[in-house]
Amino acid sequence: ALRLPTVGQNYRELARQAESEHMSYEEYLFNLLEHEVMKREENQVRRLINQAKFPIKKTLDSFDFEQIPGLSQTKVLSLSRGQFIKAGENVILAGNSGTGKTHLAIALSISAAHLRYKVRFYTAAGLVNELIEMEGEKKLSRFQKQWLKYDLVVVDELGYIPFNRRSAELLFQLFSSRYERGSMIITTNLEFPEWNQIFGDEKMTAALLDRITHNAHILITNGESYRLKQTLKRRRESTCE
């Protein structure tokens, strides 16, 4: 009736432990409820990660910082503590293709989920397609309200494809709506002066950059492509065999 499934699963085993270790009733009760709380927290984090719709799970432990010498590991680890989300700030990861931008974006987002923040992952192309679809179904307002409920939104691969005028306008409106109201992580292969290629309008691009870069943490990941290195390594190993 109290909805304490972990208590139900563990009370006998923990009672035996309490008896063998001569715990007081209070210590046994604390131990029992601590297990319940820990399990609930684990389930909550798992649920938040699943709801984020990550294409793949990545953590900072598996990121090779030595491959990107210009990137501050200390800065990234600091961001993983989530203060930028509390402050409503953005993170922009800019660099060549294959240099770990998506890995870092997902890893920081998973860290945020462990801090109980609501996160949502999109590719830029996927987000634009969804916006067009929502507008066609007259559900755009509902989508925008949901967009603002997330503590952190990831927009991956901005700049890989240009948008038509209406798509650019919808993306501009969505990005602007989060200004100082919610954090974003944006990954891009373009330098800021090249963003006009995406949005096709200098004034709109300037206004957008002004908003998303205000108090933003800008990390540059330029270097050799991880994927290219791995491909070349596999080829060398295959040749040696």
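Residues numbered from 1 in each chain as written. Predicted model: local features only at pLDDT ≥ 70, side-chain atom pairs only at ≥ 80, totals over all residues. Heavy atoms only, no water.

1. Description of the overall build of the protein chain
Selection rule: A helix here means a DSSP run of H or I that spans at least four residues, while a strand means a run of E at least two residues long, and both kinds are numbered starting from the N terminus. Under the scheme applied here, a residue whose accessible area is under 20% of the maximum for its type counts as buried, over 50% as exposed, and between as partly exposed, the area being computed with a 1.4 Å probe on protein chains only. We call two residues in contact whenever any of their non-hydrogen atoms come within 4.5 Å of each other. Computed with the Shrake-Rupley method and a 1.4 Å probe, the accessible areas treat only the protein chains shown as cover for residues. Charge counting treats Lys and Arg as positive and Asp and Glu as negative, with His and both chain ends excluded. Where a charge lies is defined by one atom per residue type, namely NZ (Lys), CZ (Arg), CG (Asp) and CD (Glu).
Scanning the protein chain from terminus to terminus reveals 11 helices and 5 strands. The C-alpha extent of the protein chain, read off along each of the three principal axes, is 70 × 60 × 30 Å. Looking at the 241 residues of the protein chain, the share that counts as buried comes to 41%. Counted over contacts in the protein chain with a minimum sequence separation of 6, partners at least 24 positions apart contribute 81%. Roughly 14,400 Å² of accessible area belongs to the protein chain as shown, and the carbon and sulfur atoms make up 49% of that amount. Computed over 34 positive and 30 negative side-chain charges, the separation of the two mean positions in the protein chain equals 6 Å.

2. Section: the side chain of Ser183
As a reminder of what qualifies: Polar contact is defined as a pair of N or O atoms within 3.5 Å, subject to the rule that within protein one atom must be able to donate a hydrogen and the other to accept it, and that residues adjacent in sequence are counted only when both atoms are side-chain atoms.
Its location among the elements puts Ser183 in strand 4 (residues 183-188). Of the residues examined, Ser183 reaches a relative accessible area of 0% and is grouped as buried. For Ser183, the side chain forms a polar contact with the main-chain oxygen of Phe84, separated by 3.2 Å. A polar side-chain atom of Ser183 sits 2.7 Å from the main-chain carbonyl oxygen of Glu89. Not counting chain neighbours up to four residues away, the residues in contact with Ser183 comprise Phe84, Ile85, Gly88, Glu89, Asn90, Asp151, Leu152, Val153 and Arg178.

3. Points about the packing of helix 1 (residues 5-20) against helix 2 (residues 25-51)
Two measures define how a pair of helices packs: the angle their axes make with one another and the distance between the axes. The condition is simple: Under this scheme, a helix contributes an axis fitted over its contacting stretch, all axes are lines through C-alpha atoms, and angles between N-to-C directions fall in the 0 to 180 degree range. Each crossing gets its handedness from the near helix: less than a right angle anticlockwise from the far helix is left-handed, clockwise is right-handed. In the scheme used here, Gly and all other residues not listed as nonpolar or charged are polar, with Ala, Val, Leu, Ile, Met, Phe, Trp, Tyr, Cys and Pro taken as nonpolar and Asp, Glu, Lys and Arg as charged.
Two elements in contact, helix 1 and helix 2, have axes whose closest approach is 9 Å; the angle formed by their N-to-C orientations is 145°. In this structure, helix 1 meets helix 2 at a crossing whose hand is right-handed. Residues Pro5, Thr6, Val7, Asn10, Tyr11, Leu14, Ala15, Gln17 and Ala18 of helix 1 pack against Tyr28, Asn31, Leu32, Leu33, His35, Glu36 and Lys39 of helix 2. Its residues assigned to classes, the contact of helix 1 with helix 2 comprises 9 nonpolar, 5 polar and 2 charged.

4. Focus: helix 2
For clarity, the threshold we go by: For a helix, the expected span equals 1.5 Å multiplied by the number of residues minus one.
Here helix 2 spans 39 Å end to end across 27 residues, near enough to the 39 Å set by a 1.5 Å rise per residue. Contacts made by the buried residues of helix 2 are with helix 1 and helix 5 (101-114). At the C-terminal side of helix 2, Lys53 shows a positive phi close to 65°.

5. Overview of the environment of Ser72
With respect to the helices and strands, Ser72 occurs in the loop between helix 2 and helix 3 (73-79). Classification of Ser72 as partly exposed rests on a relative accessible area of 36%. Put simply, Ser72 and Arg116 are 44 residues apart on the chain and 25 Å apart in space, counted from C-alpha to C-alpha. In terms of polar contacts, Ser72 uses its side chain to reach the backbone amide nitrogen of Lys75, at 3.0 Å.

6. As for the packing of aromatic side chains
Each aromatic ring pair is summarised here by two numbers: the centre-to-centre distance and the angle between the ring planes. The test is simple: Two rings from Phe, Tyr or Trp (for Trp, the six-membered ring) form a pair when their centres sit within 6.5 Å of each other. Planes less than 30 degrees apart are called stacked, planes more than 60 degrees apart edge-to-face, and all others tilted. Charge-over-ring placement is defined geometrically: NZ (Lys) or CZ (Arg) within 6 Å of the ring centre, and within 35 degrees of the ring normal.
Enumeration over the complete set of coordinates arrives at 6 aromatic pairs. Taken together, a centroid distance of 6.3 Å and an interplanar angle of 65° make the contact between Tyr122 and Phe143 edge-to-face. Placement of the pair is Tyr122 in strand 2 (residues 119-123) and Phe143 in helix 7 (residues 140-149), with a sequence separation of 21 residues. With relative accessibility at 8%, the residue Phe143 sits in the buried group. Between Phe192 and Trp195, the aromatic rings sit 5.5 Å apart at their centres with planes inclined by 65°, giving edge-to-face as the arrangement. Judged by its relative accessible area of 25%, Phe192 is partly exposed. Members of the aromatic cluster, each reached through a chain of ring pairs, are Tyr122, Phe143 and Trp147. Lying across the ring of Tyr122, Arg120 places its NZ or CZ 4.4 Å from the centre.

7. Thoughts on the sheet that holds strand 2
Using the following cut-off: In this scheme, strands are said to pair when DSSP sees at least two bridges between them.
Pairing is parallel across the open sheet formed by 5 strands, whose spatial order is 2-3-4-1-5. On the outer flanks of this sheet lie strand 2 and strand 5 (217-220), each paired with one strand and no other. Across the sheet, the mean angle separating the axes of adjacent strands is 15° when strand polarity is ignored. In this sheet, strand 3 (residues 152-158) lies alongside strand 2 in parallel orientation, the contact comprising 5 bridges. For Arg120, the partnering residue across the bridge sits in strand 3 and is Val153. Helix 5 rests against strand 1 (91-94), strand 2, strand 3 and strand 4 of the sheet, and its axis sits at about 165° to strand 4.

Any functional reading would require information beyond the geometric quantities listed.
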